[in-house]
Amino acid sequence: ADLHNTPARVAPAVTDRAYLASLKGVTAAYVITAFVALLIGVLIGPLQALNYAGINVYDNQLLRLLVKSYYQGLTLHGVLNALVFTQFFISGWMLYLPVRDLGMRINTKFAWGTYIVMTLGLVLTAAALLLNDATVLYTLYPPMMGTPLFYIGASIFVAASWGVLAQVVYTWLQWKRQNPGRVTPLVAHMSVATWLMWFIASLGLVAEALLFLVPWSVQTWLQTRAGGPVTATIDPLIARTLFWWTGHAIVYFWLLPAYIAWYAFLPRHAGGRLASEPLTRLAFVLFLLNGVGVGLHHQFANPNIDNTWKIIHMFLTFLVAIPSLLTAFSVAAALEDAARARGGGGVVGWIRRLPWENPVFVGITLSMISFIPGGAGGIVNASQAFAPVVHNTAWIPGHFHITVGTATTMTFMAVSFWLIPHLLGKPLPSPRLARWSQWVWFWGMILFAVGMHWQGLMGVPRRAQVSAVSQPEVYEAMNVAVPRLLTGISGVLLLIGGLMFFYVFFKMVFSKSVQDGENVPIPYSPAISGAGEDLASASPLVRLTEPLLALGVLGLIIVLLVYLPVLLPMITNMQGAPGWQLW
Ligand code: HAS
Ligand code: HEM
Ligand code: CU
């Protein structure tokens, strides 16, 4: 078979309209809940940017009614943006896509049930946060301690993601049974690989919560209520290590769903073709194999971990940059192919021929451009030689606002510009404003990144209310007037860009349905090099990347190999610490 120039896929038609409406409904529920969380999280961000501009707004009485401290705000910001927004969006996006891609029928009652459980987890967690009972930051670092409600809510929240995961993997296995010898279609392949990666990744956090956080907080709570001495303790090092088992890989749980949009759909928005389906499958499999066992790069500064293991995790981190470099090559090739098809020429002149009038294209492409320095900064962070310079400084928030704040967030924003019309039949109200929101957000994040990376290099710490230190001259003496100014301006730009986006988004959501959503098709891209349909005639790479379950088992074995030698000495030498409530 000629695998070149595979025509664009069309999702198998669904004839049962009531079923389709229910499937789309639950997806839309996930996506809309995600953006409500992001709205609240994003409103807090500029206050923090002002802090890093030397302006303290936390003494304001009105604000004090809402957040008691800088750290309560920071916890809400981290949890709502990085944990809640992402997981809700991804659960909708990566449930809907593989189901449509495979043309399978799922039990939508189960899907709605999972949504309800996830929302319940969110409500419990949010209640604890808003009551200032869990100001422990989104990394949940013990011995800072929240109430049991918080940890139980968070556990329910993560468990609900397993519900979606199970439904997708089960549906895929069913499809495999009904279609023996067929190659899994690309989007389904990417989705299943991502969910399996998340399963392996989440084990660390689940172990941390069930074995340590929940028992410790419940015991402390009971002992406090009994008025007796509090003897419950926790080992902070074990907790951190289990956290980063999940905590690094979670960034790929945020990134890979965006990669799905970059690989499978962006070329279509740009009027071009995906470079290679087999290579795309390889990238996702590399994340499945190597995405999780690298978490020690967050713990270079932690004592009592053998440096050999820190170095091994460092090298494995460098290896896991490879599938992202593959992605950079692939998406750049796809865009160049698209621009040349539209008559573009020159070494870089073709860039002007891309569809810069299309808000979906603009948001996704700007998010990719910002991810180039974001990813490069990640490699700096991972280098044991540089880490001591940047660790725990403002450099780090600089790094992750041009990864999760753009590659993930902007991509999801831009996706919503076609996804909501597709799901709900409500057209995008103002493409112009939508486009502008992405440009303003992009420049906001770029300025933010410059300001924060710069401040970090000058030694300004992260997670510090630097605008309220008792000796302001210490901060003044750090020579950061310019980056402080840039950070402050970026906060204002991001507020404006964010409000523009939310205006468009909610105007769309609250408008009347005026079209059949299926008239806005899922924008599958054709491929220059396809994967084919039959496994028997497929290339060795396609055959190698097909058995995702087996590859997932291999991925889990790798994680155990690089984590058990780190965890075992900790478990045999537990050091208990009592809980603290600081703010
Ligand atoms: Fe990171 C800390 C290392 C990627 C998020 N990271 C964080 C934290 C977050 C985060 C939230 O090694 C803070 C955690 C905390 O609170 O303490 N990170 C890496 C490395 C990568 C990486 C090596 N991070 C991400 C992604 C994130 C994310 C993705 C979210 C989505 N990170 C670290 C380390 C730390 C860290 C240390 C701890 C620091 C410390 O000291 O505490 C890599 O995966 C990056 C690989 C990416 C690339 C870029 C490829 C570029 C592409 C775009 C191409 C675009 C084109 C556009 C071609 C190599 C794919 C063309 C367009 C045209 C118009 C032509
Ligand atoms: C932390 C600003 C949007 C995720 C921070 C910090 C600032 C900031 C200044 C550092 C605070 C500190 O270290 O003390 C902003 C602004 C935003 C924005 C101005 C846009 C309006 C986002 C988005 C995400 C995000 C969209 C993710 C989806 C985080 C996370 C932290 C953080 C995870 C770390 C919290 C912690 O250290 O515990 N943000 N942010 N932010 N931000 Fe944002
Ligand atoms: Cu990491």
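The structure this text deals with has already been given above.
Residues numbered from 1 in each chain as written. Chains lettered and ligands numbered in written order. Predicted model: local features only at pLDDT ≥ 70, side-chain atom pairs only at ≥ 80, totals over all residues. Heavy atoms only, no water.

**Q** What is the right way to look at the overall build of the protein chain in this model?
**A** When its secondary structure is counted, the protein chain shows 19 helices and three strands. For a compact globule of 583 residues, the expected C-alpha radius of gyration is about 25 Å, and the protein chain comes in at 24 Å, within 12% of that figure. In terms of overall dimensions, the protein chain has C-alpha extents of about 70 × 50 × 50 Å along its principal axes. Across the protein chain, every contact between residues at least 6 apart in sequence was considered, and the portion connecting residues at least 24 apart equals 85%. Carbon and sulfur atoms form 70% of the exposed surface of the protein chain, whose accessible area is close to 22,900 Å². Separation between the mean location of the 30 positive side-chain charges and that of the 19 negative ones in the protein chain comes to 6 Å. (Helix = DSSP H or I, 4+ residues; strand = E, 2+ residues; numbered from the N terminus. Rg over C-alpha atoms; globule rule 2.2 N^0.38 Å. Contact = heavy atoms within 4.5 Å. Areas by Shrake-Rupley, 256 points an atom, 1.4 Å probe, with all protein chains shown as cover. Lys, Arg positive; Asp, Glu negative; His and termini not counted. Charge placed at Lys NZ, Arg CZ, Asp CG, Glu CD.)

**Q** I would appreciate a short explanation of helix H6 (residues 186-225) in the present structure.
**A** Its 40 residues give H6 an end-to-end C-alpha distance of 55 Å, which sits within 8% of 58 Å, the value for a rise of 1.5 Å per residue. Of all the bends found along H6, the most pronounced is centred on Ala209 and spans about 40°. (Expected span 1.5 Å × (residues − 1). Bend = angle between axes of the 7 residues up to and from the residue.)

**Q** Where do I start with the coordination of the iron atom of ligand 1 in this structure?
**A** The reference angle at a metal is 109.5 degrees if four donors form a tetrahedron and 90 or 180 degrees if six donors form an octahedron. From the protein, the iron atom of ligand 1 takes a single donor atom, His399 (NE2), 2.2 Å away. Distance-wise, the copper ion (ligand 3) is placed 4.6 Å from the iron atom of ligand 1. (Donors = N, O, S within 2.8 Å, 3.2 Å for Na, K, Ca; no water.)

**Q** Sorry if this is basic, but what is going on with the site of ligand 2 here?
**A** What surrounds ligand 2 is a group of 27 residues, the closest being Tyr70, His77, His401, Arg462 and Arg463. Between ligand 2 and Asn81, the relevant distance is 3.4 Å, taken from a nitrogen atom to a side-chain nitrogen or oxygen of the residue. Between ligand 2 and the protein, one listed contact pairs a nitrogen atom with a side-chain N or O atom of His401 at 2.8 Å. In terms of residue class, the shell around ligand 2 is made up of 18 nonpolar, seven polar and two charged. (Near = heavy atom within 4 Å. Polar contact = N/O pair within 3.5 Å; in protein donor to acceptor, adjacent residues only side chain to side chain. Nonpolar A, V, L, I, M, F, W, Y, C, P; charged D, E, K, R; others polar.)

**Q** Hey, could you run me through the nonpolar core in this one?
**A** Generally speaking, nonpolar side chains in soluble globular proteins are found buried as a group. Phe35, Trp93, Trp262 and Phe265 are the most contacted members of the largest nonpolar core, which totals 183 residues. Looking at which element gives the most residues to this core, the answer is helix H7 (residues 236-269), with 22 residues. The contact partners of Phe265, leaving out residues within four places of it in the chain, are Trp93, Leu97, Val187, Ile260, Trp418, Ile522, Pro523, Tyr524 and Ser525. Core analysis: the next-biggest nonpolar cluster, separate from the first, contains five residues, Val183, Ala531, Leu535 and Ala538 among them. (Core = buried A, V, L, I, M, F, W, Y, C linked by side-chain atoms within 4.5 Å. Buried < 20%, exposed > 50% of the residue type's maximum accessible area, 1.4 Å probe, protein only.)

**Q** How do you make sense of the site of ligand 1 when you look at a structure like this?
**A** Around ligand 1, the surrounding shell holds 36 residues, and the nearest of these are Tyr138, Tyr252, His391, His399 and Arg462. Between ligand 1 and Ala382 there is a distance of 3.0 Å, counted from an oxygen atom to a backbone nitrogen or oxygen. If you list the elements that add at least two residues to the shell around ligand 1, you get H7, helix H10 (322-341), helix H11 (359-382), helix H13 (395-401) and helix H14 (404-424). At 10 residues, H11 tops the list of elements feeding residues into the shell around ligand 1.

**Q** I tried to follow the packing of helix H8 (residues 277-290) against H10 on my own but got confused; where do I start?
**A** Working note: a packed helix pair is described by the angle between its axes plus the distance between those axes. The geometry of H8 relative to H10 is characterised by a closest axis approach of 9 Å and an angle of 155° between their N-to-C directions. When the axis of H8 is compared with that of H10, the two are roughly antiparallel. For the crossing formed where H8 meets H10, the hand is left-handed. For the pair formed by H8 and H10, the contact residues are Leu279, Leu282, Ala283, Leu286 and Phe287 on the first element and Pro323, Ser324, Leu326, Thr327, Phe329 and Ser330 on the second. The residue makeup of the contact of H8 with H10, split by class, is eight nonpolar, three polar and no charged. (Axes fitted to C-alpha atoms, helices over the stretch in contact; angles between N-to-C directions. Parallel < 35°, antiparallel > 145°, perpendicular 65-115°, else oblique. Left-handed = near helix turned anticlockwise from the far one by under 90°.)

**Q** Could you clarify how one ought to interpret the pattern of salt bridges in this entry?
**A** Here the idea is simple: oppositely charged side chains can pair when their charged atoms come close. This model, assessed by the stated rule, comprises 11 salt bridges. Between Glu546 and Lys176 there is a salt bridge, with its nearest N and O atoms 2.6 Å apart. Of the two residues, Glu546 is situated in the loop between helix H18 (540-544) and helix H19 (548-572) and Lys176 in helix H5 (residues 148-178); the sequence distance between them amounts to 370 residues. Overall, Glu546 belongs to the buried group, its relative accessible area being 3%. Residue class for Lys176 comes out partly exposed when judged on its relative accessible area of 23%. In this structure, a network of salt bridges that share partners links the residues Lys24, Arg100 and Glu518. (Salt bridge = Lys/Arg side-chain N within 4 Å of Asp/Glu carboxyl O.)

**Q** Got a minute to help me understand the side chain of Ser467 in this structure?
**A** Along the polypeptide, Ser467 turns up in the loop between helix H15 (431-457) and helix H16 (472-476). Take Ser467: its relative accessible area is 17%, and that puts it in the buried class. Reaching out from Ser467, the side chain makes a polar contact with the side chain of Asn51 at a distance of 2.6 Å. Setting aside anything within four residues of it in sequence, one finds Ser467 in contact with Asn51, Gly54, Ile55 and Asn56.

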